[in-house]
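# Secondary and tertiary structure notes
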Amino acid sequence: MTTVSFRRLWFSLTVLLLLFGGVAVELHGANVRIRYTWLQARRHVYLRDIASYYNLGYSVSDEQTVLSSRDGKRRLVFTHRKPMSSYNGVNFYLLYPTQAQGNQSFITEEDFRLTVDPLLRANALQAHPLRLILIDPGHGGKDLGGNTRSAREKEIVLATARRTAQLLRAKGYTVAMTRTGDADLSLKARTDLAARLGASLFISIHTNMASPAVSGLETFCMTPAGAASTHGGVKNEKEPGNTYDINNMALAFEIHRSILQRIKSVDRGVKRARFYVLRQVSCPAILIETGFLSNPAEGRRLQTVAHQQMVAEGIVEGVLRYHSALLRAAGK
Ligand SMILES: [Zn+2]
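On a predicted model such as this, the values are computed, not experimentally measured, just so you know. (Residues numbered from 1 in each chain as written. Predicted model: local features only at pLDDT ≥ 70, side-chain atom pairs only at ≥ 80, totals over all residues.)

## Focus on the overall build of the protein chain
Put simply, the rule reads: In this description a helix means any DSSP run of H or I spanning at least four residues, a strand means any run of E spanning at least two, and both kinds are numbered starting from the N terminus. Each radius of gyration is computed over the set of C-alpha atoms, and the globule rule expresses the reference value as 2.2 Å times the number of residues to the power 0.38. Residues with at least 20 neighbouring C-beta atoms inside 10 Å of their own are called buried, those with 12 or fewer are called exposed, and the rest are partly exposed, where every C-beta is derived from the backbone. Residue pairs qualify as contacts under a 7 Å threshold applied to their C-beta atoms, which are placed from the backbone.
When helices and strands are tallied, the protein chain shows nine helices and 16 strands. Here the C-alpha radius of gyration of the protein chain, 20 Å, is about what a compact globule of 332 residues would show, namely 20 Å. For the protein chain, the proportion of its 332 residues judged to be buried stands at 43%. A fraction of 68% describes how many contacts in the protein chain between residues 6 or more apart in sequence connect residues 24 or more apart.

This is the structure we're talking about:
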């Protein structure tokens, strides 16, 4: 069996693509040919080939394409012409909608490399040391964050962050917080602190606001250069936050799914955004919107110690899962 270094694989793909419009790769002892095609002026990969690449079954209907393992442990669902997808029942957004033609469906090469591969293959991760985890409770001081008659975001996220830090320390991690009290703190002060401390992970905790009917959990990581964020806007330059594009996605997904496993919440998915703190830190970073203060029921839940504890436990579990993926990647 031949193991292909993925970085080398992508390099060869780029080179060989120009010659053959696809490349045969040796995987799981079998020859897997990943074919490309141009759609909407972007290079797309056949989902059928991605299925073979991960040794998954492939089924396509009018509405969706499903990639699944025989034992049912791995199941990817792609909705045609939409970016919303799921892996083992947990939602995430592609950078670009899927494409479908007849019994073939496609995702962009960027999504294969930067969205899907980080979820399925620990070896895709970029190795880095895990020394200090910086927890960032949003807002503080004069900046109340989301605010309702009975609750303030700055207080809820501080309480959740404290619990998270405590639990991570109990697992043996070195942890710092951008604020430990009700301090005024600019976004720049937060990312400067990450640089000064040499943070290995940056986890920002927030609560959300919208109309009363909206509720649920969403987790953001940095948008790759040149792509649009989930809620729009394109910026082409590479930012410090793009240093770990692949790891950002893996960290976001592991923490998102670990929180969802603990709280009863609408799954609004792992999304992409260029929030200041995600853009300006050069370690893997995510921002969690733990729920909507503006939704009466969820707003009440967010204020309870039980809910904050479950969110904190979910974050810790996500970090542990990410860490073990990192260790597997380092041993590749
Ligand atoms: Zn906020």
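From this point, the narrative continues.
## Notes on the packing of helix 4 (residues 153–170) against helix 9 (residues 305–330)
Note the threshold: Lines are fitted to the C-alpha atoms to define the axes, a helix being fitted only along its stretch in contact, and any angle between axes, read from their N-to-C directions, falls within 0 to 180 degrees. Here roughly perpendicular refers to angles of 65 to 115 degrees, roughly parallel to angles under 35, roughly antiparallel to angles over 145, and oblique to all remaining angles. Two helices crossing with the near one rotated counterclockwise from the far one by less than a right angle form a left-handed crossing, whereas a clockwise rotation gives a right-handed crossing. Basically, the charged four are Asp, Glu, Lys and Arg, the nonpolar ten are Ala, Val, Leu, Ile, Met, Phe, Trp, Tyr, Cys and Pro, and anything else, Gly included, counts as polar.
Look at helix 4 against helix 9: their axes get within 8 Å of each other, and the N-to-C directions meet at 45 degrees. As summarised for this structure, helix 4 and helix 9 are arranged oblique, according to the angle between their axes. Judged by the sense of rotation from one axis to the other, the crossing of helix 4 with helix 9 is right-handed. Each of Ala159, Thr160, Arg163, Thr164, Leu167 and Leu168 in helix 4 lies in contact with helix 9, whose residues at this interface are Gln308, Gln309, Val311, Ala312, Glu313, Ile315, Val316 and Val319. Split into classes, the residues belonging to the contact of helix 4 with helix 9 amount to eight nonpolar, four polar and two charged.

## Regarding helix 5 (residues 187–197)
Selection rule: Taking the helix axis as origin, the arc is that swept by the directions to the C-beta atoms.
Turning to helix 5, its buried residues are Arg190, Thr191 and Ala194. In an axial view of helix 5, the angular spread of the buried residues amounts to 90 degrees, which keeps them on one side of the axis. When the buried face of helix 5 is taken as reference, the exposed residues oriented beyond 90 degrees from it are Lys188, Ala189 and Arg196. On its buried face, helix 5 is in contact with strand 11 (132–137), strand 13 (201–208) and helix 7 (276–280). Downstream of helix 5 by a residue or two, glycine 198 has a phi angle that is positive, lying close to 65 degrees.

## Here's the deal with the nonpolar core
Selection criterion: To define a nonpolar core, we join buried Ala, Val, Leu, Ile, Met, Phe, Trp, Tyr and Cys residues through C-beta atoms within 7 Å and take the resulting set. In this document the domain limits rely on a domain assignment from an automatic tool or a database.
Ranked by internal contacts, the top residues of the largest apolar core, which has 76 residues, are Phe202, Ala250, Ala252 and Ile286. At nine residues, helix 9 tops the list of elements feeding residues into this core. Here this core spans two domains, since at least three of its residues come from each of domain 1 (6–120) and domain 2 (132–330). What alanine 250 contacts, discounting residues up to four positions off in sequence, is Pro118, Leu119, Leu125, Tyr322 and Ala325.

## What to know about the domain arrangement of the protein chain
When cut into domains, the protein chain gives domain 1 (6–120) and domain 2 (132–330). Put simply, the middle of domain 1 and the middle of domain 2, counted by C-alpha atoms, are 28 Å apart. Contact with domain 1, which involves eleven residues of that partner, is made by 16 residues of domain 2. Elements with a minimum of two residues in the side of domain 1 that touches domain 2: strand 8 (90–93) and helix 3 (109–120). Per-element accounting of the side of domain 1 that touches domain 2 gives the leading share, five residues, to helix 3. Partitioning the side of domain 1 that touches domain 2 into residue classes produces eight nonpolar, two polar and one charged.

## Focus: the confidence of the model for the protein chain
This is how it is decided: Per-residue confidence from the prediction method is given by pLDDT, with values spanning 0 to 100.
Counting all residues, the mean pLDDT for the protein chain is 91, and 91% of those residues have values of 70 or more. Under a pLDDT of 50 for its full length, residues 1–8 has, in the predicted model, nine contacts with residues more than four places off or in other chains. Across residues 11–20, confidence stays below pLDDT 50; counting only partners more than four residues off in sequence or on other chains, it has six contacts.

## Examining the pairing of strand 4 (residues 57–60)
Under the convention used in this document: Here the rule is simple: two strands pair whenever DSSP picks up at least two bridges between them.
Pairing analysis gives four bridges linking strand 4 to strand 5 (residues 64–68), with the strands arranged antiparallel. Counterpart to glycine 57 in the pairing with strand 5 is serine 68. Two successive antiparallel strands, strand 4 and strand 5, enclose a turn made up of three residues.

## Section: unusual backbone geometry
Phi is positive for glutamine 40, which is not a glycine, with a value near 50 degrees. Its identity is not glycine, yet asparagine 55 carries a phi of approximately 60 degrees, on the positive side. With respect to the helices and strands, asparagine 55 occurs in the loop between helix 2 (47–53) and strand 4. With 14 C-beta atoms counted inside 10 Å, the residue asparagine 55 sits in the partly exposed group.

## Let's talk about the packing of helix 3 against helix 6 (residues 245–260)
Look at helix 3 against helix 6: their axes get within 8 Å of each other, and the N-to-C directions meet at 55 degrees. By the angle between their directions, the pair helix 3 and helix 6 is classed as oblique. The element helix 3 and its partner helix 6 pack so that their crossing is right-handed. Residue-level contacts link Leu114, Thr115, Pro118 and Leu119 of helix 3 to Asp245, Ile246, Met249, Ala250 and Phe253 of helix 6. Its residues assigned to classes, the contact of helix 3 with helix 6 comprises seven nonpolar, one polar and one charged.

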